[in-house]
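What follows is each chain in one-letter form.
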Amino acid sequence: METRILNFNEFGDDRGCLISLESMKNIPFEIERVYYIYKTKSEVTRGYHAHRDLKQVAIALSGSCTFVLDDGLSRNEVILDDPTKGLLICSMIWREMKLFSDDCILLVLANHNYNEEDYIRDYSSFLKEVRNICN
Ligand code: T46
């Protein structure tokens, strides 16, 4: 599955902690867009789509949330609860997000600008497209 955890180097001292994110260094693409998700209620689920082309890294800067990741063959869950870890999600991965803590701030870095045409928002269409690529 084209997803993995990235471990970021933390600069910490008695003042606190700092993590730097740089394109093509600890982020494996050129960052073109940054957005963040916050104040999502714990009973709310988000996502329910895949991207045809987009690559992203998601980082829980504060609190936690759970990603369900599906490559058309298998599903697995990843809990994000540590700002030193990023979840790399490549293209053609169906994602659902759930169990947001009240204090969750989810930062997402993306390699392209927002483009609704890159989204596959219907699960059966996703399965058809992903199976066409694999065959
Ligand atoms: C993803 C997960 C992790 C914009 O106008 N610009 C943007 O850059 C984004 C990301 C969204 N929007 C608009 C589109 C919708 O009207 O913001 C609204 C909420 O977006 P959406 O329902 O797609 O949010 P999520 O949380 O379901 O998904 C988002 C990203 O869209 C998606 O790429 O992988 O977070």
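Each remark here, short or long, concerns the structure printed above.
Right, let's walk through the structure included here. (Residues numbered from 1 in each chain as written. Predicted model: local features only at pLDDT ≥ 70, side-chain atom pairs only at ≥ 80, totals over all residues. Heavy atoms only, no water.)

Side-chain positions along a regular strand alternate between the two faces of the sheet. Bridge analysis of strand E7 (residues 65–70) against strand E8 (residues 75–80) gives six bridges, and the strand direction is antiparallel. Bridge assignment links Asp-70 to a residue of E8, and that residue is Arg-75. Here E7 hands over to E8 after four residues, with Gly-72 in that stretch at a positive phi of 95°. (Pairing = 2+ DSSP bridges. Helix = DSSP H or I, 4+ residues; strand = E, 2+ residues; numbered from the N terminus.)

Phi at Met-24 takes a positive value of approximately 65°, unusual for a residue other than glycine. Mapping Met-24 onto the fold places it in the loop between strand E3 (16–18) and strand E4 (33–38). Take Met-24: its relative accessible area is 52%, and that puts it in the exposed class. Not every positive phi belongs to a glycine, and Leu-99 is a case in point at roughly 55°. Mapped onto the secondary structure, Leu-99 falls in the loop between strand E10 (94–98) and strand E11 (105–110). (Buried < 20%, exposed > 50% of the residue type's maximum accessible area, 1.4 Å probe, protein only.)

Relative to the helices and strands, Asp-70 resides in strand E7. In this structure the side chain of Asp-70 is engaged in a polar contact, spanning 2.8 Å, whose partner is the side chain of Arg-75. (Polar contact = N/O pair within 3.5 Å; in protein donor to acceptor, adjacent residues only side chain to side chain.)

Let us look at the pattern of salt bridges. What the rule picks out here adds up to seven salt bridges. The shortest N-O distance in the salt bridge between Glu-22 and Lys-25 comes to 3.4 Å. Judged by its relative accessible area of 63%, Lys-25 falls in the exposed class. Of the charged contacts, one joins Glu-96 and Arg-75 as a salt bridge, the two residues approaching to 3.3 Å between their closest N and O atoms. Taken as a pair, Glu-96 in strand E10 and Arg-75 in strand E8 lie far apart in primary sequence, 21 residues in all. Classification of Glu-96 as buried rests on a relative accessible area of 14%. Residue classification places Arg-75 among the partly exposed positions, given a relative accessible area of 43%. In the salt-bridge network here, residues are joined through shared partners; they are Asp-70, Arg-75 and Glu-96. (Salt bridge = Lys/Arg side-chain N within 4 Å of Asp/Glu carboxyl O.)

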